[in-house]
Amino acid sequence: MRNGLLISLVIMVGFIANISAQDCWNMELVDRYIVSPFCFITDMIAIDDYVLVLDREAGLVIVNCQSPGEPYVVGICGSPDYGYNMAVSGDYVYIADSENAFRIIDISNRTEPTEVYCLETSGSVQSVAVSGNYVYFGVRDDGLYIMDISNPSEPLVVNVLENLSQVISLEAQGETLFISYYINNHARLYIYDISDPEYPYQVFNYYNGLSIIKNIGIEDDIAVFASDHIVRIFDISDPSDPDELADLPAYSVYDAVIHDDHIYLSDHISDLTIFDISEPEAPVTVYVDNHQTHCARVAVTENYAFFGNIDFTAYCVEDPSEPMQIGYIPSLGSIKDVKIDDPNAYALTNDNFLILDSESQDRISVIGSYEMTNAEAFEVSGDYAYITCTLDGLYVLDISNPHSPECVGYIDISSSTNSLMFAENYVYIPCAVGMHIIDVSDPTVPHLTDTYYSSSSKGVYVSGGYAYLAMGLGGLRIVDISDPNDPFLVSELSIDGDAVNVCTSGDYAYIGDFNGAVWIIDVSDIENPIPLCCYELPDHAVDIEIVGTDLFIANYNHGIRVLDVSDPAYPVETGYYQTIGTARSLEVVDNLVYVADGSNLGIYDCTAADVQTDDTPTVLMALHGNYPNPFNPETTISFSVPQTGVVTLAVYNIKGQKVKTLVSDTLEMGQHTATWKGTDNAGKSVSSGIYFYRLEADGKTATKKMLLLK
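On a predicted model such as this, the values are computed, not experimentally measured, just so you know.

Thresholds, definitions, all that
- Residues numbered from 1 in each chain as written.
- Predicted model: local features only at pLDDT ≥ 70, side-chain atom pairs only at ≥ 80, totals over all residues.
- Heavy atoms only, no water.
- Helix = DSSP H or I, 4+ residues; strand = E, 2+ residues; numbered from the N terminus.
- Buried < 20%, exposed > 50% of the residue type's maximum accessible area, 1.4 Å probe, protein only.
- Contact = heavy atoms within 4.5 Å.
- Areas by Shrake-Rupley, 256 points an atom, 1.4 Å probe, with all protein chains shown as cover.
- Lys, Arg positive; Asp, Glu negative; His and termini not counted.
- Charge placed at Lys NZ, Arg CZ, Asp CG, Glu CD.
- Pairing = 2+ DSSP bridges.
- Patch = residues over 30% accessible without salt bridge, like charges linked within 9 Å, V, L, I, M, F, W, Y side chains within 5 Å.
- Salt bridge = Lys/Arg side-chain N within 4 Å of Asp/Glu carboxyl O.
- Polar contact = N/O pair within 3.5 Å; in protein donor to acceptor, adjacent residues only side chain to side chain.
- Phe/Tyr/Trp six-rings, centres within 6.5 Å; stacked < 30°, edge-to-face > 60°.
- Lys NZ or Arg CZ within 6 Å of the ring centre and 35° of its normal.
- Axes fitted to C-alpha atoms, helices over the stretch in contact; angles between N-to-C directions.

## Section: the overall build of the protein chain
Next, step 1: Of regular secondary structure, the protein chain possesses 1 helix and 65 strands.
Next, step 2: In terms of overall dimensions, the protein chain has C-alpha extents of about 85 × 70 × 45 Å along its principal axes.
Next, step 3: Within the protein chain, the fraction of its 710 residues that count as buried is 58%.
Next, step 4: Of all intrachain contacts in the protein chain linking residues separated by at least 6 positions in sequence, the fraction that spans at least 24 positions is 45%.
Next, step 5: Carbon and sulfur atoms make up 44% of the accessible area of the protein chain, which totals about 28,500 Å².
Next, step 6: Of the charged side chains in the protein chain, 27 are positive and 102 negative, and the gap between their average positions amounts to 13 Å.

## Examining the sheet that holds strand β52 (residues 543-547)
Next, step 1: Taken in spatial order, the 5 strands line up as β2-β55-β54-β53-β52 in an open sheet, and their pairing is antiparallel. Single-partner strands in this sheet number two, and they are β2 (24-25) and β52.
Next, step 2: Across 5 bridges, the pairing between strand β53 (residues 550-554) and strand β54 (residues 560-564) is antiparallel. By the bridge assignment, I553 is partnered in β54 with R561.

## Brief notes about a negative patch on the surface
Next, step 1: A surface patch of like charges, here negative, comprises D220, D221, D260, D261 and E302.
Next, step 2: Looking at the element boundaries, D221 is found in the loop between β20 (213-219) and β21 (222-227).
Next, step 3: The exposure class of D221 is partly exposed, given its relative accessible area of 41%.

## Examining the pattern of salt bridges
Next, step 1: In this structure the tally under the stated criterion is 12 salt bridges.
Next, step 2: Salt-bridge contacts for D97 lead to R103; the nearest nitrogen and oxygen are separated by 3.0 Å.
Next, step 3: For R103, a relative accessible area of 5% translates into the label buried.
Next, step 4: Here D698 and K700 are joined by a salt bridge, their closest N and O atoms 3.3 Å apart.
Next, step 5: On the accessibility criterion, D698 (33% relative accessible area) is partly exposed.
Next, step 6: Here the salt bridges share partners, and the residues they tie into one network are D97, R103 and E115.

## Quick look at the side chain of S165
Next, step 1: Looking at the secondary structure, you find S165 in the loop between β15 (156-161) and β16 (167-173).
Next, step 2: For S165, the residues in contact, after removing those within four places along its chain, are V139, R140, D141, D142, G143 and Y181.

## Describing the environment of D513
Next, step 1: Note on placement: D513 falls in strand β49 (residues 508-513).
Next, step 2: What makes D513 buried here is its relative accessible area of 2%.
Next, step 3: Along the sequence, D513 and D91 sit 422 residues apart, while their C-alpha atoms lie 41 Å from each other.
Next, step 4: Every residue in contact with D513, bar those within four places of it in the chain, is listed here: D496, G497, D498, W519, H540 and A541.
Next, step 5: Reaching out from D513, the side chain makes a polar contact with the backbone nitrogen of D498 at a distance of 2.9 Å.

## A short note on the packing of aromatic side chains
Next, step 1: Scanning the model with the defined rule gives 19 aromatic pairs in all.
Next, step 2: Relative to F102, the ring of Y94 has its centre 6.5 Å away and its plane inclined at 15°; by these criteria the two rings are stacked. Taken individually, Y94 and F102 each receive the classification buried, so the pair is uniform in this respect.
Next, step 3: The interplanar angle of 15° and the centroid separation of 5.9 Å between the aromatic rings of Y346 and F353 together place this pair among those described as stacked.
Next, step 4: The side chain of R110 reaches across the aromatic face of Y50, ending 5.2 Å from its centre.

## Concerning the side chain of T504
Next, step 1: Structurally, T504 is set in strand β48 (residues 499-505).
Next, step 2: The exposure class assigned to T504 is buried, which follows from its relative accessible area of 8%.

## Considering the sheet that holds strand β35 (residues 366-371)
Next, step 1: Reading across the sheet, the 4 strands line up as β32-β33-β34-β35 and stay open at both edges, with antiparallel pairing between neighbours. The open sheet has two edge strands, β32 (337-341) and β35, and neither has a second partner. Each strand of the sheet is rotated relative to its neighbour by a mean of 15°, with strand direction disregarded.

So, in structure tokens, the structure goes:
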């Protein structure tokens, strides 16, 4: 019978927004508290009174250092990928993303940095450098891209040097580009003349043996080329014939920066070493710190140096031989869960339980914390917080004094746990062996009441004497817990997905699917659950909450989404917001959605998503993709536009040259398709390779790539 139900299941395909075109609808940001900004810092640049920090998880973080002794984060532009290296010119930051993308961020408003351009690439982008109106970035296995950035929001690729397909690092000074290159186990330094930016040519080639040049630092006529085991100092006054002046020992270099006749070097052994190179032929070590654990990336400005690894440290270096720590921003870890219990907010990172002042009118402050190990999920009830830790157990914290939480109870569960729910003096914990039921009527002495044994479960929701278990690939199980000492299975339902969380309201259960969907189940007959709908999403449904007829979804890299489920068989998307980080957890209180998204606690007003008005768009601008891809000889591109207007859809080659205009006309609102047969505007067949197609409509643009194979 169940198979028949699944065959007749209504499949609803949710609208997958192209975020570069529109990042919110019927929701607005009320406030954003940057609680824990750093995970792993990959690059740093000091400009004016700010330090730009590139973090592996948070993205671009802007730190106000007007008072270096009290640095604080003022803005974040999240990246869904792994930012590796960056360059700055004017009000724009150019980011090399190792997950196959090149990004441009507008930082004219330091508190609201905004991505204005993103180019998806065929390989990881390793490094980036800017000179004048041109940016240079290396794409692995593809080449060195040269892009005209006269208009940073609409840059144009003017050339690709395919012979430079293994660029490691780049640095530009004036009309000279320095390139670290590694191929066939050989490391080289190339120097290019870029006086004609679109057609650079090589003027110097240096063989560095087997040691990759990881970092290039330049000040005036002195350059530093830092490899794993050696740092070389060169006079580059004549770029076509640089003169090696001295070598410095190093071990596993992280970063090397020159400032005011000093080299600041971070490596695996000494963490931080400062050399005086006022006489570059005879550098002198003036400072070594073998215990400075905060240094991996370095940025230096007048009298101050900033070091970053998993946290951020400010030093006064007025005397470089005696640097003095004056400021610090700790890393508290990535926020994975959030709860609101007025007047406080609570957040959980991997290693900390945080109590936050939610009534702050400025930036949020952590008023209390408790250090954990491998914390996974928590619940708050009254004066107690219940926290699970992977392969450990359940901790009970007394939070009656929010400034000094205290552990008052613990039970060793000895199973992997990833969520929990508190209900009527019991804590229900899904785990690798099914579900543990913990009696916490005395929070100081929690004890195991019973374990419902089954296969591994991932999420739990308790309502009306039943525990609804999200069983991963096993679907949904409903367990009778009216007697917590004797739980038993009532029913189960298989779904074609990976159930990771669940919630219920009235006669319906809602399942969050890690494969990118929400399942709606009729549970009016608890012994015979019936699937009604599978609503597809652009990413993992890692957390869900039902409030009235609105279903709120933490959609990981695609922010938060709201579905109207007043007709459970036909849900309708009524709002979304692209959060700056990965949306992992949410809680809804009085039309406000609190979202844990990496380093931030975001607060969003969803009032508009509750009401469908006559002018609610049924279609938003989106470039859905092409099929097939790869293709030969033709492919169909599908897209949608929100209103009647002029629409342009064109195909470009990797050099940014227009190959074919597919659409240039006035189109009505709605879904459209266009077919490309692999020809240019003259009707000639084009060669195999990567091509980009760009949609322009409603004052917005969106770009995707495709592969023609012959």
